[in-house]
Each structure stands twice: as C-alpha cells, then as structure tokens.
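The residues making up each chain are set out below.
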Amino acid sequence: MLFNSWQFALFLPVVVLVHFLLPHRIRWAWLLAASYLFYMSAVPEYGLLLLFSTVVDYWLGLAIHAAPAGERRRWWLLLSSLLTNLGMLGLFKYFNFFASSLAHLSGWLGRPLTPWESQLLLPVGISFYTFQTLSYSIDIYRGTLQPERHFGRYALYVAFFPQLVAGPIERASRLLPQLRQPVHFSEARAASGLKLMAWGFFMKLCIADHLAVFVNSVYSQPVSLSGPHYALATAFFAFQIYCDFAGYSLIAIGASRVLGYELMTNFDRPYSARSLGEFWNRWHISLSTWFRDYLYIPLGGSRNGVAQWYRNLAIVFLVSGLWHGARWTFVIWGALHATYLIVEIATRDRRAAWCEAIGLSRWPRLHRTLQQLTVFVLVCVAWVFFRADSLEDAWRIVSQLPTGWSHLWEPGWLKQSRLALGLSKSYFTNALLLIAVMELVQLWPQRVRDGWPQMFWLPVAPLRWVGYVALMLVILNLGAPKGAPFIYFQF
C-alpha cells in the first residue's frame, strides 16, 4: 500500500480511530494487524518473511540475554541473528548480483560460467526491517538493551507500518518504550502530524514526481543528448530523490505522531551542507547513524591511525552503496562518497590555509555559498551513478557532460529540447518554482517548525486555514495524477 494512494487515505483514519477507541492493553494487537495488512496488501507472501525474521530475532534476543556474560554461547547466538538477517538479504537481494559478477569474472579469466539466476522477488522494505532487528540483537548482546518479553509488542516494533517499508530505521531503545506506554488522543499532536504529512505529500507529489518526468526521459537516452540535458537532469534528480525520500519520512513521522508515537528525524536540509561529512550528518540520518554505531565504530572508527581511519570509512561507504542496491553503480556511488570524504579530511588544513591566503575567509557568506555549491556538485556527480540504469550508461552520461554547452546560446534551444522530450510549455517554470518554494521554506530554519512553514503556525486561525487550503490546492492541481512508488521502496 502506497502512502500516496486512496487506499491509504481510507486506511489511516480507520486505524487511528480504532486505535484510540480501544483500551491500551490490546492496542498493540490492532496496530500489529493493521501493519501486516498494510505490508501484505501488495504481495501477501511478504508477511511470512517478515514474521520469520520477527520470530527468530525475538527468540534470539531472549536467549542472548539469558546466556551468562562471557559465555561463548552469547557470541554464537548473535552470529545466528547476523547470519539469519544477512542471509535473507543475500538470498533475496544479492544472489543474482554475486552470481552474475562471478560469471563475468570467470569469463574474464578464460573459464566461462553460466550463472544460475534466482526468480525470487525482492520483498519490499527488507533492507530496512532486517537492519532494525539486527540492531535489536546487537544492543542486547552489548548489554545496552533489555529484551522485549511481550512478543506482540516486539512484532509491532518490527512491523510498525508508518516506517516499515522505508524507515526511518528505528532503534528498539527509542520505539519500544513508547509502545509500552499508554497514549491519549491529542488534538495538538494530531494537527502537528497532519501538517507534517501534508508537507511530505507536497514534496513527493508536487516536486519529486514532477521532476521525475524530465529525469526519466533524459536518463533513458544515455547517448543521444548533450551535457546541459544530463547536467540539468542530474540536478533535478538530486531534488527528486531528496523530496521523494524526505517526503516519505515526513509522512511516516506525521502518521506516527497522529497515533501518539515519535519517530526520529531522517533529513535535515542536506543540500545546505558545507562539507561532505556534514552532508552525511543530514542525509538519511537513521541509516548513517546505524552504520556509524554498528559498523564504523566496531571497526575502530578513527582511533587507530590515519590509514585505519580511511580504511574504515571506505568499508562503510562501500557497504552503504551495496545496501542501496545489487548493482555496481551503487558500489561506485559509495566509493565516490568514500573518496570525497577521505580527500576532504586529508586536505582540510591545506584548504583552510588557502582560503586564508586568498582572503576568502573574510567573506563568510561567499565562502559558505561556495562550499555549499561545491558539495552539491560533488554529490550530483555521484548521483549519476546512483540513477543510471547500468554502469555503461553512467560512464556514457559522465562522458557527455562536457559536450554541447555552446548550444545554450542558440535561439530556441530550450524550446526544441522541451518539445523533443515531450514536456509541457510550463514544465521548467513549474519545476523551478516548486524547488524555489521548498528552498525558501528551508532557507531560514527559525521560520520552520518540524519541517513545516512557520506561517502555518500563526495564532490567527483564518490565516492558517488560508495556508492549508492553498497547499491542498497546489497538491491537487500540481501533484502527479497517479501515485508513483517511492524511490526507496526498491531498497
């Protein structure tokens, strides 16, 4: 079931109404049933895999906690959780990738091998809920979390429908205590959640789906267009994927808030970052902090010298790239970000000295703008590999980027390009205007409250409702007529 569907528009009010009518002691059962219905509405078999993961990690969590500290059995139980969850990911998500890669390597070595391809479909959200259950088992093993003995509440923690399919990846220490506590309906909290959902729908339907038309058209032609087309399409994709995923996160956080539960913030204006390190503190925060706590720090972080530090960063970003998808394009995307971050760290002092020498540090606003622009361009170069359908297409697009810029000055070039791609006369105007509206809202954080424009929190009710009506009219008129799946559903 998609958030941007009429089914969900009917589903959520019913879930919320029944949730608050029921006594607290049985609400978990209602939310769990609703969550499984939400997840199984597309492919019912997915629910069996989700249930299997839930049962295994629930039992292993209890067993790890019961085993005496220092016993090797605790380590074997944790390893069982790791193998179960990563094995599920490997079978459903990576089997064909590794099989085909092995076949290509064998052919390159002169020993042709025909790969056996699995016909299993990738279950929606498997990368998210397996990481959620993995963190639960690891935290119990570390002694930082007590296991949840109520199976129903643990199952709800794994399957909670607002964040099940694409996060945020919640920690048990944050969400499980909320599920244990009774919650009462709050008009203020419900209004806050609905506002977040409305802003999320605006980002998804009006911006992401609108930009997707141009992006899909250009990226489907990796050799026949010129540099300006690919550059603009890549910049549009940067905003498309941000609005798509951040929009989903806001809808998830808002829906949870209406029900009385708080999910973690997943995005914090990432394209305003002045460095690549800052970008990753602002982008997909629940995943980047997961890798930090469960991979980067256990590997040693930055504690064991520069060489080990760089190695650990490279491992984390390569794994992050592979987490996003079973294609070499995602691995290259992760490798690019690892390279960016390592170079950024290695040249930090030299860059600071250079800025001081040329006097740039005396112009802080200009310096900040140049830093933000540099980060955005570097991120966009990496997005080419993330978006391209294959590694060959990505290389073709990158090689085409320097070409055709002289055509920009030819009369009618933009109009001819628009007609050739089948776009409406107002397409680019609307796209740029929508991006500008979103950026203006996010430009001054003090004017934004929970991701929602401050003007919609005015104490004068008529003014607030003017804003609500205006936003709904924009969504209804400019939103995509058919609900397109969220990009991160494929991960």
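What counts, and at which threshold
- Residues numbered from 1 in each chain as written.
- Predicted model: local features only at pLDDT ≥ 70, side-chain atom pairs only at ≥ 80, totals over all residues.
- Heavy atoms only, no water.
- Helix = DSSP H or I, 4+ residues; strand = E, 2+ residues; numbered from the N terminus.
- Buried < 20%, exposed > 50% of the residue type's maximum accessible area, 1.4 Å probe, protein only.
- Areas by Shrake-Rupley, 256 points an atom, 1.4 Å probe, with all protein chains shown as cover.
- Expected span 1.5 Å × (residues − 1).
- 1 Å grid on protein atoms, 1.4 Å probe; cavity = no way out; pocket = protein on both sides within 12 Å on 5 of 7 lines; lining within 4 Å.
- Points joined across faces, edges and corners; volume = space filled by probe spheres on them.
- Nonpolar A, V, L, I, M, F, W, Y, C, P; charged D, E, K, R; others polar.
- Axes fitted to C-alpha atoms, helices over the stretch in contact; angles between N-to-C directions.
- Parallel < 35°, antiparallel > 145°, perpendicular 65-115°, else oblique.
- Left-handed = near helix turned anticlockwise from the far one by under 90°.
- Core = buried A, V, L, I, M, F, W, Y, C linked by side-chain atoms within 4.5 Å.
- Contact = heavy atoms within 4.5 Å.
- Patch = residues over 30% accessible without salt bridge, like charges linked within 9 Å, V, L, I, M, F, W, Y side chains within 5 Å.
- Salt bridge = Lys/Arg side-chain N within 4 Å of Asp/Glu carboxyl O.
- Phe/Tyr/Trp six-rings, centres within 6.5 Å; stacked < 30°, edge-to-face > 60°.
- pLDDT = per-residue confidence, 0-100.
- Polar contact = N/O pair within 3.5 Å; in protein donor to acceptor, adjacent residues only side chain to side chain.
- Arc of directions from axis to C-beta.

Colleague: How do you make sense of the overall build of the chain when you look at a structure like this?
Modeller: Within the chain, the secondary structure is distributed over 20 helices and two strands. Counting over 491 residues, the chain shows a buried share of 51%. Looking at the chain as shown, the accessible area adds up to about 23600 Å², and 67% of this sits on carbon and sulfur atoms.

Colleague: Explanation requested: helix H16 (residues 364-387) in the structure shown.
Modeller: In an α-helix, one turn spans 3.6 residues, which is why side chains three or four residues apart end up on the same side. Between the first and last C-alpha of H16 there are 34 Å, a value that for 24 residues agrees with the 34 Å anticipated at 1.5 Å per step. Among all positions of H16, only His367, Val375, Phe376, Val379, Cys380, Ala382, Trp383, Val384, Phe385, Phe386 and Arg387 are buried.

Colleague: For this particular structure, what's the right way to read empty space enclosed by the protein?
Modeller: If a probe the size of a water molecule is rolled over the atoms, the empty space left behind becomes visible. Tallied over the entire structure, the rule returns one cavity of 30 Å³ or more. Estimates place the volume of the largest cavity at around 50 Å³. Together, His24, Arg27, Trp28, Leu31, Arg153, Leu156, Leu179 and Tyr261 line the largest cavity. Listing elements by their share of the lining of the largest cavity, those giving two or more residues are helix H2 (24-40) and helix H6 (151-159). Among the elements that line the lining of the largest cavity, the one with the most residues is H2, at four residues. Here the lining of the largest cavity is composed, by residue class, of five nonpolar, one polar and two charged.

Colleague: Explain the packing of helix H9 (residues 187-219) against helix H10 (residues 227-259) here, please?
Modeller: Each pair of packed helices can be described by the angle between their axes along with the distance between the axes. Where H9 meets H10, the closest approach of the two axes is 7 Å, and the angle between their N-to-C directions is 155°. It follows that H9 is roughly antiparallel to H10 by the angle criterion. The handedness of the crossing between H9 and H10 comes out as left-handed. Considering only residue class, the contact of H9 with H10 consists of 29 nonpolar, eight polar and five charged.

Colleague: Could you clarify how one ought to interpret the nonpolar core in this entry?
Modeller: Where a protein is soluble and globular, its nonpolar side chains tend to be buried together. In terms of nonpolar packing, the biggest core is built from 141 residues, with Tyr271 and Trp383 touching the most fellow members. Examining the composition of this core, we find that 20 residues originate from one element, H10, more than from any other. In this view, Trp383 contacts Thr234, Phe237, Ala238, Ile241, Tyr271, Trp283 and Trp333; residues no more than four positions away in its chain are not counted.

Colleague: What exactly am I supposed to notice about a nonpolar patch on the surface here?
Modeller: Taken together, Leu51, Val55 and Phe151 make up a surface patch of nonpolar side chains, about 220 Å² in accessible area. Tracing the backbone through its elements, the reader meets Phe151 in helix H6. Look at Phe151 and you get partly exposed, because its relative accessible area is 30%.

Colleague: Help me understand the packing of helix H14 (residues 328-346) against H16 in this model?
Modeller: The geometry of H14 relative to H16 is characterised by a closest axis approach of 7 Å and an angle of 160° between their N-to-C directions. By the angle between their axes, H14 is roughly antiparallel relative to H16. For H14 against H16, the interelement crossing comes out right-handed. Here H14 contributes Thr329, Phe330, Ile332, Trp333, Leu336, His337 and Tyr340 to the contact with H16, which in turn contributes Leu378, Val379, Val381, Ala382, Trp383, Phe385 and Phe386.

Colleague: Explain the packing of aromatic side chains here, please?
Modeller: One pass over the full model with this rule turns up 54 aromatic pairs. Considering the side-chain rings of Phe11 and Phe161, the 5.2 Å spacing of their centres and the 85° angle between planes classify their relative orientation as edge-to-face. One end of the pair, Phe11, is in helix H1 (residues 6-21); the other, Phe161, is in helix H7 (residues 161-164), and 150 residues separate them in sequence. Phe161 matches Phe11 in its accessibility class, with the two residues each being buried.

Colleague: I keep staring at the confidence of the model for the chain and nothing clicks. Help me out?
Modeller: Note: predicted coordinates in regions of low pLDDT should not be interpreted at a detailed level. Mean pLDDT over the chain works out to 86, with 87% of the residues at or above the 70 mark. Scored below 50 in pLDDT, residues 446-452 shows 20 contacts in the model against residues more than four places distant or in partner chains.

Colleague: I would appreciate a short explanation of the environment of Arg25 in the present structure.
Modeller: Relative to the helices and strands, Arg25 resides in helix H2. Separated by 155 residues in sequence, Arg25 and Arg180 have C-alpha atoms that sit 9.0 Å apart.

Colleague: Got a minute to help me understand the side chain of Asp393 in this structure?
Modeller: Counting through the fold element by element, Asp393 comes out in helix H17 (residues 391-400). Overall, Asp393 belongs to the buried group, its relative accessible area being 13%. At 2.9 Å, the side chain of Asp393 and the side chain of Arg396 are in polar contact. In contact with Asp393, not counting residues within four places along its chain, are Pro222 and Ala388.

Colleague: Teacher, can you tell me more about the pattern of salt bridges here?
Modeller: Between side chains of opposite charge, a pair can form as their charged atoms come close. Within this structure, the stated rule accounts for twelve salt bridges. Across the salt bridge formed by Arg180 and Glu148, the nearest N and O atoms sit 2.7 Å from each other. Here Glu148 lies in the loop between helix H5 (126-142) and H6 and Arg180 lies in helix H8 (residues 172-180), a separation of 32 residues in the sequence. Assessed through its relative accessible area of 34%, Arg180 is described here as partly exposed. Note that Lys204 is salt-bridged to Asp209, the shortest N-O span being 2.9 Å. Comparing Lys204 with Asp209 shows no difference in burial state: the two are buried.

Colleague: Sorry if this is basic, but what is going on with unusual backbone geometry here?
Modeller: Phi is mostly negative for residues that are not glycine, and the peptide bonds are mostly trans. Not every positive phi belongs to a glycine, and Arg269 is a case in point at roughly 45°. Within the secondary structure, Arg269 sits in the loop between H10 and helix H11 (276-282). Judged by relative accessible area, which is 22%, Arg269 ranks as partly exposed. Phi angles above zero are rare outside glycine, and His284 is one such case at about 40°. Overall, His284 belongs to the buried group, its relative accessible area being 1%.

Colleague: It is not clear to me how helix H18 (residues 413-420) should be interpreted in this structure. Could you clarify?
Modeller: Burial in H18 covers these residues: Trp413, Ser417 and Arg418. Summarising the axial view, the buried residues of H18 lie within an arc of 130°, below the 170-degree limit, and thus occupy one face. Opposite its buried face, H18 presents the exposed residues Lys415, Gln416 and Leu419, each directed more than 90 degrees away. Lining the buried residues of H18 we find H10 and helix H19 (427-443).

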